[in-house]
Amino acid sequence: MTELPRWADVVLVPLINIALAFIVAGLVVLAIGQNPFDMMYFMVKGALGSSSGIGYTLYYTTNFIFTGLAFAVAMNAKLFNIGGEGQAALGGLGAALVLLAVDWPHWTLALPVAVIGAAVFGAGWAAIPAYLQAKRGSHIVITTIMFNFIGAAVIGYLLNGALKKPGQQVPESRSFSDGASLPTFHEMLEPFGIAFNKSAPANVSFLLAIAAAVLVWLLIWRSRIGYEIRAFGNSPGATLYAGISSVRVTIIAMLISGALAGMMAINSVMGQQERLIKDFVEGAGFIGIAVSLMGRNHPFGIVLAAFLFGMLNQGGFELMWEMPEISREMVLVIQALIIIFTGALVNMTRDPIERIFLRLHKKRAA
Amino acid sequence: MTETAPAIELKGISKSFGPVQANKDISIRVMPGTIHGIIGENGAGKSTLMSILYGFYRADSGEIFINGRKTEIPDSQAAIRAGIGMVFQHFKLVKVFSVLENVVLGAEDGEMLTPSLVKARDELTSLARDYGLNVDPDALIEEIGVGMQQRVEILKALYRQADILILDEPTGVLTPAEADQLFRILARLKDEGKTIILITHKLREIMEITDTVSVMRRGEMTATVKTADTNPTDLAERMVGRKVLLRVDKTPAKPRETIVQVRNLNVTDSAGVHRVKDVSFEIRGGEILGLAGVAGNGQSELLEVLGGYEAATGEVLVNGSPIDLTGAHSDGQSRRARSIAHVPEDRQHEGLIMNFQAWENMAFGYHHDPAYQRNRLLMDNTTIRADTRAKMERFDVRPPDPDLAAKSFSGGNQQKLVLAREIERNPDLLLVGQPTRGVDIGAIEFIHQQIIALRDAGKAILLVSVELDEILGLSDRIAVMFDGRIMGERLPHETDEKELGLLMAGITDTEADHSVAEVEAQLAEAGGAARKEGRA
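Residues numbered from 1 in each chain as written. Chains lettered and ligands numbered in written order. Predicted model: local features only at pLDDT ≥ 70, side-chain atom pairs only at ≥ 80, totals over all residues. Heavy atoms only, no water.

1. So, the overall build of chain A
Okay, so step 1: When you go through chain A residue by residue, the secondary structure sums to 15 helices and zero strands.
Okay, so step 2: In terms of overall size, chain A behaves like a compact globule, its C-alpha atoms giving a radius of gyration of 22 Å where 366 residues would be expected to give roughly 21 Å.
Okay, so step 3: Each principal axis of the C-alpha atoms in chain A carries an extent, and together these give about 75 × 60 × 40 Å.
Okay, so step 4: The buried share of chain A, reckoned over its 366 residues, is 54%.
Okay, so step 5: Taking the intrachain contacts of chain A between residues at least 6 apart in sequence as the baseline, contacts between residues at least 24 apart amount to 75%.
Okay, so step 6: Surface summary for chain A: the accessible area is close to 15900 Å², and the carbon and sulfur share equals 67%.
Okay, so step 7: Of the side chains in chain A, 23 bear a positive and 19 a negative charge, and the two mean positions are spaced by 13 Å. (Helix = DSSP H or I, 4+ residues; strand = E, 2+ residues; numbered from the N terminus. Rg over C-alpha atoms; globule rule 2.2 N^0.38 Å. Buried < 20%, exposed > 50% of the residue type's maximum accessible area, 1.4 Å probe, protein only. Contact = heavy atoms within 4.5 Å. Areas by Shrake-Rupley, 256 points an atom, 1.4 Å probe, with all protein chains shown as cover. Lys, Arg positive; Asp, Glu negative; His and termini not counted. Charge placed at Lys NZ, Arg CZ, Asp CG, Glu CD.)

This is the structure in structure tokens:
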């Protein structure tokens, strides 16, 4: 044995990292004179303690699954797509245009078209940086982050102009038709006799996100283009030898990535807001990066990591209510600690754990 | 009479990396004023041992004595203080600095550079006088040949007052003539009382220059003998642990119809440098054409053009019809469709994806093969795995586990993976670059047999190698490249290393006498072409 068993790599290491993050976060809470166990209790209770909490947690989870998958697809081609934020924003525009254009009779008709609208706009927004990277060598990190700003500006411009609901000063579009309203968990679970909070925003998009995760898994690990993406990501030089076009791989990986980021808008714009508003992405594009890194760019890991981040998000809001001494900034600090420990510092714990495993293995062999 | 203390004595050195024991209880005595060879296959532990001596690693246990005194060597500064100098296989030189600046670098006397440079200039003059190590102190590293660069490395060590010199695979990048030069310098250093440790896997060098030789195998020192008391066959056996065939066993070629015709091929790279100049040749079925030359004289580009990822002008016919030379991104695919297979020079960066498992690598380049697809969208991983296992068994890849990552295999087994993938496709034309670079002696024998088996099946083979032994042993015809041109063609039984060495230095009238200086100047130029390319 020369490396860590897979289960330890995928399960044990993240768990230890989360535990470490909570210990350090607890010390921070202790330092401001609050009880860290209360903090953890309220966070978990806020996220999972009620069907309303679960509804919000799953709503955020859905957003993060989409943006996490988006980042992972590009990352498998070693393309650091930091533009999920802008691609999601444009995805919102795509979905909104489709939903505003037609008076949809039923959500089952609206959804597929809205998905296409969101995906095409998200992919389109990723296509320009992709082209610049593939053909002109402009670094994808620079261009995608610039496109976040441009994207936000485009949405802001349209919501203050062409798309603004007449007769109001708020930068938002008019609401979509009632027929375009997606079923919430409350409506989905009612026929089975399961009571679920009525106002929680979790909706059918969650299932769409899970389906997307399965499709991304098939794409990356089972399809030919996925093979080419992984080959390019692991060894860009070798693809020349194998006759794999780096231009093609770069553009396809970024298109899929942008489309997935754009689909986040289905959950948020179509599922919750039911109209296009400014800043609906709320940083989900960036959190997707942390989600994907923590999930080791693997769809299964991403779903789990997205759920954890959904909990953190929702639990953090509840925490502010329950413990007013803990400010919004403090909640951000706690969330940031968890991101740092689970994302950036993975190898800090991985290497010592690997050494322990090797030593145990050697002792057993001896 | 008191016995002189050995210059270096290692007692019971052991070192493990995780579960791998790189050095097991190694003891060795190197007497002052001798050249001591350490020979062994890749991964035998030679480099680890020398890294311990030079302070890069700390031994888990064991003692080091320098000139009879027990010495701790926690880092390379301590090694330098103890009088040990190291010449690495890959030079540690700043290319845009002058020779003088490189010699002084890290050994400056104070904050201001000028006094050190003045002192170093004097020192270099006297070192040149004492040891015949002539180098222009003001030349930039990027302007001098590989052999000269190596001298600079030796000068660096001597400038730091080294009495013990360790050379790690010093001839890997040199032509035979340059290697001879190096050996003359080493002999001179020995005469002046320096102690030299020569690490190599080439038996010929050991026999030629060393006084004593130690053999390492799998982390252990298996023997230390006087060079005069041994012979290459004996050493090879001790290295590998079984009898090996040192020469290539093959029958005369039976050439058939022409498979490849290359006409007036020219390659200009993206930096605008003319790499391949008017190259023409033919290869028939059942024939191996060996392409010799110092690394970086156009051979790599030639392989890349034929392999489909470099653009060229001219004409290449395979089985009578032309192949596309525009160098489009996915030409590698069209080459495979034309029954051209390619074992690239750099298996770690081109031939394999080190993080991919063996079965994923077996599909690399052949991932469009219909047999590998489950349906229009998905690949058939089960079939690829089964195919991989069968090919691994036929090519004796150890361990024959398709799920193991490429990086977990030894160099020889990695190369067998690539060869299995390419040869099992039964190509009409096989391009092979450096087939045995970094490969163990045991595996070399097998690899050569496989290449010859493909030849005997009537296929055309283009072999590019910087190892002249390999070129002479495998080829049915030999072409020598220098500065992008083919300098001449020879038949292996009608030529020798000396003649090929002259051709590699760009000297075509091989019958005439040539002064050492003339050959050296030419070689510097051959190396110059290599360095500009940046992969020498």
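We are not done yet, so read on.
2. Describing the sheet that holds strand 2 (residues 20-30) of chain B
Backbone-to-backbone hydrogen bonds join strands into a sheet, with any given pair of strands oriented parallel or antiparallel.
All names here are of chain B.
Okay, so step 1: With antiparallel pairing, four strands are arranged side by side in an open sheet as 2-1-4-5. The open sheet terminates on both sides in strands that have one partner only, identified here as strand 2 and strand 5 (69-70).
Okay, so step 2: When strand 1 (residues 8-17) meets strand 2, the two strands line up antiparallel, connected through seven bridges. Of the residues in strand 2, the one forming a bridge with Phe17 is Val20.
Okay, so step 3: Strand contacts of helix 1 (residues 46-53): strand 1, strand 2 and strand 4 (61-66), with the helix running at about 115° to strand 1, the strand carrying the most contacts. (Pairing = 2+ DSSP bridges. Axes fitted to C-alpha atoms, helices over the stretch in contact; angles between N-to-C directions.)

3. Details of the interface of chain A and chain B
Okay, so step 1: Facing 26 residues of chain A, the contacting portion of chain B comprises 30 residues.
Okay, so step 2: Across the interface of chain A and chain B, roughly 2500 Å² is buried in total on both sides, 58% from carbon and sulfur atoms.
Okay, so step 3: By the criterion of area lost to chain B, the three top residues of chain A are Arg224, Tyr227 and Tyr241 of chain A, representing 35% of everything that side buries.
Okay, so step 4: Taken together, the connections running from chain A to chain B amount to one salt bridge.
Okay, so step 5: The tally of links from chain A across to chain B stands at 16 residue pairs in polar contact (both at pLDDT 80 or more).
Okay, so step 6: Elements with a minimum of two residues in the side of chain A that touches chain B: helix 8 (205-222), helix 9 (224-234), helix 10 (236-242), helix 11 (246-273) and helix 15 (346-365) of chain A.
Okay, so step 7: Its residues placed into classes, the side of chain A that touches chain B shows 12 nonpolar, nine polar and five charged. (Buried area = accessible area lost by both parts, 1.4 Å probe. Salt bridge = Lys/Arg side-chain N within 4 Å of Asp/Glu carboxyl O. Polar contact = N/O pair within 3.5 Å; in protein donor to acceptor, adjacent residues only side chain to side chain. Nonpolar A, V, L, I, M, F, W, Y, C, P; charged D, E, K, R; others polar.)

4. Considering helix 9 of chain A
Okay, so step 1: Counted residue by residue, helix 9 of chain A has nine buried out of 11 residues, so it is predominantly covered.
Okay, so step 2: All of the buried residues along helix 9 of chain A are Ile225, Gly226, Tyr227, Glu228, Ile229, Arg230, Ala231, Phe232 and Gly233 of chain A.
Okay, so step 3: On its buried face, helix 9 of chain A is in contact with helix 3 (51-76), helix 8, helix 10 and helix 11 of chain A together with helix 12 (358-362) of chain B.
Okay, so step 4: A side-chain oxygen of the first residue of helix 9 of chain A lies 3.0 Å from the backbone nitrogen of Gly226 of chain A; this N-cap is Ser223 of chain A.

5. Let's talk about the sheet that holds strand 14 (residues 313-318) of chain B
All names here are of chain B.
Okay, so step 1: The antiparallel open sheet is built from four strands, whose spatial order is 12-11-14-15. Unpaired on one side and paired on the other, strand 12 (274-284) and strand 15 (321-322) mark the two borders of the sheet.
Okay, so step 2: With seven bridges joining them, strand 11 (residues 258-268) and strand 12 adopt antiparallel strand pairing. Paired with Val262 across the two strands is Phe281, which belongs to strand 12.
Okay, so step 3: Of the strands in this sheet, strand 11, strand 12 and strand 14 are in contact with helix 9 (residues 299-307), which crosses strand 12 at around 65°.

6. Some thoughts on the packing of aromatic side chains
Okay, so step 1: Counted according to the given criterion, the structure contains 13 aromatic pairs over all chains.
Okay, so step 2: Ring geometry for Phe56 of chain B versus Phe88 of chain B: centroids 5.8 Å apart, planes at 15°, classification stacked. One end of the pair, Phe56 of chain B, is in the loop between helix 1 and strand 4; the other, Phe88 of chain B, is in the loop between strand 6 (84-87) and helix 3 (99-104), with 32 residues separating them in the sequence.
Okay, so step 3: In this structure Phe56 of chain B comes out as partly exposed when scored by relative accessible area, which is 46%.
Okay, so step 4: Grouped by ring-pair contacts, the aromatic residues Tyr59, Tyr60 and Phe317 of chain A constitute a single cluster.
Okay, so step 5: Above the plane of the ring of Tyr241 of chain A lies Arg336 of chain B, whose end atom (NZ or CZ) is 4.9 Å from the centre.
Okay, so step 6: Here the guanidinium or amino end of Lys416 of chain B rests over the ring plane of Phe446 of chain B, the centre of that ring lying 5.1 Å away. (Phe/Tyr/Trp six-rings, centres within 6.5 Å; stacked < 30°, edge-to-face > 60°. Lys NZ or Arg CZ within 6 Å of the ring centre and 35° of its normal.)

7. Some words on the pairing of strand 4 of chain B
All names here are of chain B.
Okay, so step 1: With five bridges joining them, strand 1 and strand 4 adopt antiparallel strand pairing. Across the sheet, residue Ser14 finds its bridge partner in strand 4, namely Ser61.
Okay, so step 2: Here two bridges tie strand 4 to strand 5, and the two strands are oriented antiparallel to one another. Residue pairing for strand 5: Ile66 is matched across the bridge by Arg69.
Okay, so step 3: Counting the residues that bridge the hairpin from strand 4 to strand 5 gives two residues, and of these Asn67 lies at a positive phi of roughly 50°.

8. A few points about empty space enclosed by the protein
All names here are of chain A.
Okay, so step 1: Counted under the stated rule, the structure contains three cavities of 30 Å³ or more.
Okay, so step 2: Considering only enclosed or pocket space, the largest cavity measures out at about 60 Å³ in volume.
Okay, so step 3: Lining the largest cavity are Asp9, Val13, Pro14, Asn17, Met294, Arg296, Thr342 and Val346.
Okay, so step 4: Looking at which element gives the most residues to the lining of the largest cavity, the answer is helix 1 (residues 6-31), with four residues.
Okay, so step 5: Partitioning the lining of the largest cavity into residue classes produces four nonpolar, two polar and two charged. (1 Å grid on protein atoms, 1.4 Å probe; cavity = no way out; pocket = protein on both sides within 12 Å on 5 of 7 lines; lining within 4 Å. Points joined across faces, edges and corners; volume = space filled by probe spheres on them.)

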